[in-house]
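Spelled out from the first residue to the last, the chains are:
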Amino acid sequence: MYLQSGEWVTILKGKFKFKDKVLKSLRFQIVVLLILVSSIPCFVVKEMILQKYEDRAVSWRTAEIQNQCTILCNQLGSSNYLKEPISEVLNAELSQLSSVYDGRIMVIDEEYHIVKDTFGIETGKTIIAPDVITCFSGTATNYYDAQNRYMEFTTPIVEKIDGKNHVKGVVLFSISTDVIHETLSELETKANLVFSALMLVVIVAGLFVANLMVKPFEKIAHSIEDITEGYDSDKLNVSDYTETLAISEAFNKMRDRMKVLDDSRQEFVSNVSHELKTPLTSMKVLADSLLAQEDVPVELYKEFMGDITEEIERENNIINDLLSLVKMDRTSADLNVKSENINELVERILKRLRPIAALRNIELVFESFRPVNAEVDEVKLSLAISNLVENAIKYNKENGWVQVSLNADHKYFYVKVADSGMGIPQESLDHIFERFYRVDKSHSKEISGTGLGLAIARNAIITHRGAIKVHSEEGEGTTFTVRVPLNYIS
Ligand code: ADP
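Residues numbered from 1 in each chain as written. Predicted model: local features only at pLDDT ≥ 70, side-chain atom pairs only at ≥ 80, totals over all residues. Heavy atoms only, no water.

Thoughts on the site of the ligand
Around the ligand, 20 residues are found, and the nearest of them are N391, Y395, R438, T450 and L454. Between G451 and the ligand, the recorded distance is 2.9 Å, taken from a backbone N or O atom to an oxygen atom. A distance of 2.8 Å separates an oxygen atom of the ligand from a polar atom in the backbone of L454. Within the complex, the protein chains bury 99% of what would otherwise be the 530 Å² of accessible surface of the ligand. (Near = heavy atom within 4 Å. Polar contact = N/O pair within 3.5 Å; in protein donor to acceptor, adjacent residues only side chain to side chain. Areas by Shrake-Rupley, 256 points an atom, 1.4 Å probe, with all protein chains shown as cover.)

This is the structure we're talking about:
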């Protein structure tokens, strides 16, 4: 039967779900870890105990058989059994011994002839086995074959002739070790039972422990879900572990930062709508009053049209500034950085603004301490410096001065824009870089502006990894200092 493609998809999806939901879950991994940690030592201990038992059982059996063989060999030696293996007592003893130990005894004489085989198969035959040969040199041997489950012993039958020991024959005793192996496998079965019961306990206890350990993380997930619904909910505080406390703190920090961003976004949107609406309202009022009157005198008509043009100009400025700001935000990641001659860049700006300064007889001076070349985005940096110089002219008095200076050290270049203008009140200094902020509405009425110029300037400087500072005394003047790295740091 072939599966339809849909069925395969369901099976594969099931597999992925299993992998993501079970294999990757912390709970599962804790249980597996506990099983491994407890089963490996148990397994090793079990193997060690079984091995130890086998060694002990084999060595006991060896000592016992060797003992029996020595007694047997003494009896065989003293009764001349090798020559005449007819002693009923000894034959009965041999049969009894071999049946007690579930084995086979062969008595071998000097010519390597088997004079007695308790199995009765090999009697009269010759045996030349390495162990038998070794034993004829006077050394008893023993050998244990765990795989084939038997033990083999050779013991010399010694006769004393002229005070010297002569090996007259050998007893070869082979026994089965089935008893040892049966006990071993019984022990193993019991150990496996205990092992399985232990594993069951470990799994149950592991699941319980894993649940307990994972709970704080579930608490975090639930709390985060609750919190993401709004900023008004309580702060996250899961202090079960140091780690969960750290996560809670980091999350709270992120939430506060997001709240600030959200607030500023909302404020920005409401400011933009308000600022864009104001000129439109004025234009509507002017146009309505023109329409409401019959036979409007040409002078009044011209005056109102002039006012409307001014409002259009204001609306246009706001839109242009907004566009610059949005563009700056969007492209902050990809500045068009090139090596620029900053002296020339500042000269170009001042050349463009000099006629505006001249209208109010304001002296515009440029002081350059050294030639400066730096990696900057020419358009954005020009916009920032232009805004500062424009403000210095705009918020200046008749016959005042504006001094622009350029200096550099090995790392940064500095542009200072100082003016002899009205200055900024101390309480406003923290706000002038905010979007739409204008110092006081009374002078902002006389001097046109959008409140976006310094926000744009600051944005441009920050994207160059630079900094902008302001120093001002009300009634005396203002100095803006810009610091920008000579080499762009991406
Ligand atoms: P705009 O000039 O369009 O109002 P800005 O963002 O450029 O907006 O400036 C914000 C406010 O900071 C201005 O409204 C003004 O009150 C004050 N300001 C900026 N530069 C100067 C300056 N050189 N001297 C006095 N006040 C200044």
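Regarding the pattern of salt bridges
Inspection of the entire model under this criterion finds 16 salt bridges. R360 is the salt-bridge partner of E398, the closest N and O atoms lying 4.0 Å from each other. Within this pair, whereas E398 is found in the loop between α9 (378-394) and β9 (401-408), its partner R360 is found in the loop between α8 (342-359) and β7 (363-368), the two being separated by 38 residues in sequence. The exposure class of E398 is exposed, given its relative accessible area of 52%. For R360, a relative accessible area of 24% corresponds to the partly exposed category. One salt-bridge network, held together by shared partners, links K46, E47 and E188. (Salt bridge = Lys/Arg side-chain N within 4 Å of Asp/Glu carboxyl O. Helix = DSSP H or I, 4+ residues; strand = E, 2+ residues; numbered from the N terminus. Buried < 20%, exposed > 50% of the residue type's maximum accessible area, 1.4 Å probe, protein only.)

Here we look at the packing of aromatic side chains
Working definition: an aromatic ring pair is given by the centre-to-centre distance plus the angle between the planes. This model, assessed by the stated rule, comprises six aromatic pairs. When the ring of Y143 is compared with that of Y150, the centres are 6.2 Å apart and the planes differ by 65°; the resulting orientation is edge-to-face. Taking the centre distance of 6.4 Å and the plane angle of 55° together, the rings of Y412 and Y414 count as tilted. Look at Y414 and you get partly exposed, because its relative accessible area is 26%. Directly above the aromatic system of Y412 lies the positively charged group of R483, at a separation of 4.3 Å from the ring centroid. (Phe/Tyr/Trp six-rings, centres within 6.5 Å; stacked < 30°, edge-to-face > 60°. Lys NZ or Arg CZ within 6 Å of the ring centre and 35° of its normal.)

Points about a nonpolar patch on the surface
A surface patch of nonpolar side chains, amounting to about 800 Å² of accessible area, comprises F18, L23, F28, V32, L36, I40, F43, V44 and M48. At the level of secondary structure, the elements contributing two or more residues to the nonpolar patch comprise α1 (5-23) and α2 (26-78). In terms of residue count, α2 provides more of the nonpolar patch than any other element does, seven residues in total. Inspection of the secondary structure assignment puts M48 in helix α2. We classify M48 as exposed; its relative accessible area is 56%. (Patch = residues over 30% accessible without salt bridge, like charges linked within 9 Å, V, L, I, M, F, W, Y side chains within 5 Å.)

Brief notes about the packing of α2 against helix α3 (residues 88-100)
Direction vectors running N to C along α2 and α3 enclose 165°, while the axes themselves pass 11 Å from each other. Put simply, α2 runs roughly antiparallel to α3. By crossing handedness, the relation of α2 to α3 is classed as left-handed. Contact residues: α2 offers Q68, L72, Q75 and L76, while α3 offers L90, E93, L94 and L97. Classifying every residue of the contact of α2 with α3 by side-chain character gives five nonpolar, two polar and one charged. (Axes fitted to C-alpha atoms, helices over the stretch in contact; angles between N-to-C directions. Parallel < 35°, antiparallel > 145°, perpendicular 65-115°, else oblique. Left-handed = near helix turned anticlockwise from the far one by under 90°. Contact = heavy atoms within 4.5 Å. Nonpolar A, V, L, I, M, F, W, Y, C, P; charged D, E, K, R; others polar.)

Some thoughts on the packing of α2 against helix α5 (residues 178-228)
Axis separation between α2 and α5 bottoms out at 8 Å; the angle between their running directions is 160°. Classed by the angle they form, the pair α2 and α5 counts as roughly antiparallel. Both α2 and α5 take part in a crossing whose hand is right-handed. In terms of residue class, the contact of α2 with α5 is made up of 26 nonpolar, seven polar and six charged.

Things to note about the sheet that holds strand β1 (residues 103-109)
Pairing is antiparallel across the open sheet formed by five strands, whose spatial order is β2-β1-β5-β4-β3. In the strand order of this sheet, the two ends are held by β2 (114-117) and β3 (141-145), each with one partner. Each neighbouring strand pair of the sheet contributes to a mean axis angle of 15°, computed without reference to strand direction. With 12 bridges connecting them, strand β4 (residues 150-161) and strand β5 (residues 164-176) associate as antiparallel partners. If you follow M151 over to β5, its bridge partner there is I175. Packing against the sheet, α3 makes contact with β1, β2 and β5, and its axis sits at approximately 140° to β1. (Pairing = 2+ DSSP bridges.)

So, the pairing of strand β11 (residues 467-473)
Pairing of β11 with strand β12 (residues 477-485), which is carried by seven bridges, proceeds in the antiparallel orientation. Directly across from A467, in β12, lies its bridge partner R483. Following β11, the chain reverses through three residues before pairing antiparallel with β12; G475 in that reversal takes a positive phi of roughly 85°.

Brief notes about helix α11 (residues 453-463)
Where burial is concerned, most of α11 is hidden: nine out of the 11 residues are buried. Residues of α11 that are buried include every one of G453, L454, A455, I456, A457, N459, A460, I461 and T463, and no others. Following α11 by one or two positions, R465 adopts a phi angle in the positive range, close to 60°.

Description of the nonpolar core
Counting 50 residues, the largest nonpolar core has I342, L381, V389, V404 and F413 as its most contacted members. Residues from two domains meet in this core; each of domain 2 (235-329) and domain 3 (334-485) gives at least three. V58, L72, L82 and V115 belong to the second-largest nonpolar core, a separate cluster that totals 23 residues. (Core = buried A, V, L, I, M, F, W, Y, C linked by side-chain atoms within 4.5 Å. Domains from an automatic or database assignment.)

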